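Summary of the model geometry
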Amino acid sequence: MDGSLLPGFRRYPLPLALAILLVQGALGILLFAVFQEWVPHELGASDAWGGYLLAAYGAARFLLETPTGAIADRIERRAGLLLGFLLMLPAIALMAAVRDARAYLAFAAMLGAATAFLWPATYAIAADLYPVDRRGKFIGFLNLAQLAGFGLGALGGAFLVDHAGGRELFGAAAVSVGLAFAAALVGIPNYRAGSLFRRVDTPARPPLRTVLTGRVAALVGLILLASIALAMLVPAIRPYGERDLGVTFSRLTLALVPAVAVGALLYVPAGDLADRFGRWKPFAAGQLCLVAGLLVLAATASLPVAMGAATLVFAGNVLTVPAWNAAVMDLAPESHGGTLIGLSVALSGLALALGPALGGFVVARWGAQAAFLLSAALAMLASLAIAAYARGAPPARR
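Quick look at the structure, then. Residue numbers restart at each chain and count upward from 1, following the sequence in its written direction. In view of the model being predicted, local features appear only for residues whose pLDDT reaches at least 70, and side-chain atom pairs are presented and counted only at 80 or more, with totals across whole chains, interfaces and linings using the full set of residues. Based on all heavy atoms of the structure, the side-chain values leave hydrogens and waters out of the count.

**With respect to the pattern of salt bridges**
Opposite charge on two side chains permits them to pair, given that their charged atoms come into close proximity. Salt bridges are defined as contacts in which a side-chain nitrogen from Lys or Arg sits within 4 Å of a carboxyl oxygen from Asp or Glu. Considering all chains together, one arrives at six salt bridges under this definition. Linking Arg61 and Glu65 is a salt bridge whose minimum nitrogen-to-oxygen distance equals 3.1 Å. With a gap of four residues between them, Arg61 and Glu65 both fall in helix α2 (residues 49–72), about one helical turn apart. There is no split in this pair, since Arg61 and Glu65 are both buried. With a shortest N-O distance of 3.1 Å, Asp275 and Arg279 are connected by a salt bridge. Each member of the pair, Asp275 together with Arg279, is buried. In the salt-bridge network here, residues are joined through shared partners; they are Glu37, Arg238 and Glu242. A run of H or I in DSSP counts as a helix once it spans at least four residues, and a run of E counts as a strand once it spans at least two, with each numbered from the N terminus. When a residue's accessible area, from a 1.4 Å probe over protein chains only, is under 20% of the maximum for its type it is buried; when over 50% it is exposed; and in between it is partly exposed.

**Examining helix α1 (residues 14–42)**
At any given residue, the bend is defined as the angle formed between two axes, one fitted to the seven residues that end at that position and one fitted to the seven that begin there. Of all the bends in α1, the largest measures some 55 degrees and sits at Val34. Following α1 by one or two positions, Gly44 has its phi on the positive side, about 70 degrees.

**What to know about the nonpolar core**
For this analysis, a nonpolar core means a set of buried residues of the types Ala, Val, Leu, Ile, Met, Phe, Trp, Tyr and Cys, connected via side-chain atoms within 4.5 Å. By size, the foremost hydrophobic cluster in this structure holds 125 residues, and its most contacted members are Val34, Phe35, Tyr104 and Leu111. When residues of this core are assigned to their parent elements, the largest contribution, 16 residues, is made by α1. Note on definitions: a residue-residue contact is assigned when non-hydrogen atoms from the two residues lie within 4.5 Å. When sequence neighbours within four positions are dropped, the list of residues in contact with Leu111 reads Leu27, Leu30, Leu31, Phe35, Tyr57, Met88, Ala91 and Met95.

**Quick look at empty space enclosed by the protein**
If a probe as big as a water molecule is rolled over the atoms, it shows which places are left empty. The method works on a 1 Å grid over the protein atoms by themselves. A cavity is a set of points holding a 1.4 Å probe that cannot get out, a pocket is an open set with protein on both sides within 12 Å along at least five of seven lines, and residues with an atom within 4 Å of a point line them. Grid points are joined across faces, edges and corners, and a volume is the space filled by probe spheres set on the points. This model, assessed by the stated rule, comprises four cavities of 30 Å³ or more. In this structure, the largest cavity encloses a volume near 60 Å³. Lining the largest cavity we find Phe32, Gln36, Pro40, Asp47, Gly50, Val234, Pro235, Ile237, Arg238 and Pro239. Of all the secondary-structure elements, those providing two or more residues to the lining of the largest cavity are α1 and α9 (234–245). Classes in brief: Ala, Val, Leu, Ile, Met, Phe, Trp, Tyr, Cys and Pro nonpolar; Asp, Glu, Lys and Arg charged; the others, Gly included, polar. A class-by-class count of the residues in the lining of the largest cavity yields six nonpolar, two polar and two charged.

**Description of helix α3 (residues 77–97)**
A helix is expected to span 1.5 Å for every residue after the first. For α3, with 21 residues, the first-to-last C-alpha span of 32 Å sits near the 30 Å given by 1.5 Å per residue. If you check which residues of α3 are buried, you get Arg77, Arg78, Ala79, Gly80, Leu81, Leu82, Gly84, Phe85, Met88, Ala91, Ile92 and Met95. Of the surrounding secondary structure, the elements contacted by the buried residues of α3 are α1, α2, α4 (101–115), α5 (118–129) and α7 (166–187).

Next up, the structure:
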């Protein structure tokens, strides 16, 4: 179906982007402010605990995002979004009610299970409604909403951690999820079956094993490697700020605002680059930007220098994400679009299970700089693997 025929989707998917912006605001509060700051300080957990919570969250996503992608192939896409929003609310309510760090491992997994419904449906809408030569820009626009929402949530959450309490933190997250549900319910149409609860009639689908080619396997391996390199940085952020830069959590969060802003401004142009110049050049360039920024972070104790290096890291991620998601969509046939896209985003869940756990261990044992150096090494390995993979890519998508 042509997305230009749907109200609100003619140039960019505005209702979908609004829903993503709002739910990412809630995740910015929960994954950053709550997991990385509130739990260690308020519940007496160690610095590594934020990594363990992200690991539980990511493991649940990894286990469920491929099945939820398969479900998205059989129902209205927005039904998956709405279900995910609803399932987030019990997890938030339990976090607000229980003050035990170990219990938060289960709550983090519940949150990951809920969000497993979101991105397969979101990216499947992209594959349904927009042609190949516009997918990168479309994904960049959605990632702009994702980053802006997460950044605003993290910033607001950091402020609430310092100036309010748990009730305000979890209340703000729940309100943001409720508004995301309303935006999806009102703004996203039923364009496949005509009814939210009706199963979509599709032609007979070929076996999944015929779709899982060697190139698909190689691509998902690249995505996993690049995602782990980035995810392992999360547990290093707060210790690096406090011990190496000598700043509070809220000040460190404010210092990241310029990097987030630059990343937000670059997302749509980065998607356009993936459409114009192929998927692999922006993917590899993004990994090299990560390497450069991380090496600077590992070597400096200056806040202004660290802010510049963080901007380079964000820019590298911005170049990378639209390119790899568009590459997955290029390989995904319509019959299994949601399933393969679910597999792709499940890898970010696996990265959130492995990366923060690895990063938390490295930070606890050797410090934040060691985590930056290891992440840089993984990103460099990813860039070399991307160059090798691109040699076998179709000319139009190089």
